[in-house]
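# Coordinate analysis (summary)
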Amino acid sequence: GGQLHSVVDESTQGNPPGLEEPVPATVTAPPMGPSDFNGAVGVVAQLPPSSGFGPSLLNEEGAEQRGSFTVRKANPFEGIVYRVYGKMNHKISCTIKGYRKLSGNFAGNTVYTGYHQTWSGKSTLTTGYVPAGGTGEFDILSCVDRSTGEIQHFRDFPDAPDSSFEHEYPLA
């Protein structure tokens, strides 16, 4: 019989001890319970009391101010990008989480979809691309001023936008 040979160099030459590699974790722990609603069980949403379910200024007007935060919404390529403005020279961070209102036999219930992203900046930040959601889905963008501790929540419906390039500049 033959011997197995190690493909990975696990010696101290290939991996010197005491060197800290600044590599962020690429996999984060999933939320407790199933992701989204699978027809039987789901993670019940724990929404901020100020979020509500009606139309929001962010959704209707494309901009909203709460406390010292202002959020503006842009709609490139049938998705969403948020620009968040905080106090000058204050470190801020925003986390977006996706939720879905259930219908049919489960009407009145809201579940966490498992979608979440976090961004950080100083004075201002621009989120990455947020994909459009499906029926009954909405997002809560929670922004924190790391200097003062202020937290504000913004609700938006990530539906396919009307303000696409073609809407503003018709091709015909």
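To start, this report covers the structure provided alongside it. Nothing here was measured: the structure is a model prediction, and the numbers come from that model.

## Quick look at the side chain of threonine 113
Among the structural elements, threonine 113 can be located in strand β5 (residues 110–122). Of note is the side chain of threonine 113, whose polar atom sits 3.3 Å from the backbone nitrogen of tyrosine 115.

## Regarding the packing of aromatic side chains
Within this structure, the stated rule accounts for three aromatic pairs. For the pair tyrosine 99 and phenylalanine 138, a centre-to-centre distance of 5.7 Å together with 25° between the ring planes defines the contact as stacked. Placement of the pair is tyrosine 99 in strand β4 (residues 91–101) and phenylalanine 138 in strand β8 (residues 137–145), with a sequence separation of 39 residues. One exposure class covers both tyrosine 99 and phenylalanine 138, and it is buried. Measuring from centroid to centroid gives 6.2 Å for phenylalanine 138 and phenylalanine 157, while their planes differ by 55°, and the two rings are tilted. Taken as a pair, phenylalanine 138 in strand β8 and phenylalanine 157 in the loop between β9 (151–156) and α2 (165–168) lie far apart in primary sequence, 19 residues in all. By way of ring pairs, the aromatic residues Tyr99, Tyr112, Phe138 and Phe157 are connected into one cluster. The ring centre of tyrosine 112 lies 5.9 Å from the NZ or CZ of lysine 97, which sits over that ring.

## Comments concerning the pattern of salt bridges
With the rule as written, the count across this model stands at two salt bridges. The salt bridge involving arginine 66 is made with glutamate 64; its shortest N-O contact spans 2.8 Å. Classification of arginine 66 by relative accessible area gives partly exposed; the value is 25%. With its nearest N and O atoms 3.0 Å apart, the salt bridge here joins lysine 73 to aspartate 156. In this pair, lysine 73 is assigned in strand β2 (residues 69–74) and aspartate 156 in strand β9, connecting sequence segments 83 residues apart.

## Details of the state of the cysteines
Joining two cysteines, a disulfide is a covalent bond between their sulfur atoms. For the coordinates displayed, the defined rule picks out one disulfide. Each disulfide pairs two cysteine sulfurs, and for cysteine 94 the partner residue is cysteine 143, the sulfurs being separated by 2.3 Å. When the S-S torsion is 115°, as for the bridge of cysteine 94 with cysteine 143, the disulfide is right-handed. Of this pair, cysteine 94 sits in strand β4 while cysteine 143 sits in strand β8, and the two are 49 residues apart along the sequence. Accessibility classification places cysteine 94 together with cysteine 143 in one group, the buried group.

## Examining the nonpolar core
Membership of the largest hydrophobic core comes to 15 residues, with the highest contact counts inside it found for Val71, Tyr82, Val84, Leu141, Cys143 and Phe154. At the level of secondary structure, the elements contributing two or more residues to this core comprise β2, β3 (79–85), β4 and β8. In this view, leucine 141 contacts Val71, Tyr82, Val84, Cys94, Thr95, Ile96, Gln152, His153 and Phe154; residues no more than four positions away in its chain are not counted. In this structure, Ala45, Tyr99, Tyr112 and Ile140 belong to the second largest nonpolar core, which totals six residues.

## Section: the pairing of β3
In terms of burial, β3 is a largely internal element, five of the seven residues being buried. The pairing of β2 with β3 spans five bridges and is antiparallel. Directly across from valine 71, in β3, lies its bridge partner valine 84. In this sheet, strand β7 (residues 130–131) lies alongside β3 in antiparallel orientation, the contact comprising two bridges. From the neighbouring strand, isoleucine 80 faces β7, where its bridge partner is valine 130. Note: β3 against strand β6 (residues 124–126), three bridges, orientation antiparallel. Within β6, the position partnered with arginine 83 by the bridge is threonine 126.

Analysis parameters
- Residues numbered from 1 in each chain as written.
- Predicted model: local features only at pLDDT ≥ 70, side-chain atom pairs only at ≥ 80, totals over all residues.
- Heavy atoms only, no water.
- Helix = DSSP H or I, 4+ residues; strand = E, 2+ residues; numbered from the N terminus.
- Polar contact = N/O pair within 3.5 Å; in protein donor to acceptor, adjacent residues only side chain to side chain.
- Phe/Tyr/Trp six-rings, centres within 6.5 Å; stacked < 30°, edge-to-face > 60°.
- Buried < 20%, exposed > 50% of the residue type's maximum accessible area, 1.4 Å probe, protein only.
- Lys NZ or Arg CZ within 6 Å of the ring centre and 35° of its normal.
- Salt bridge = Lys/Arg side-chain N within 4 Å of Asp/Glu carboxyl O.
- Disulfide = S-S within 2.5 Å.
- Core = buried A, V, L, I, M, F, W, Y, C linked by side-chain atoms within 4.5 Å.
- Contact = heavy atoms within 4.5 Å.
- Pairing = 2+ DSSP bridges.

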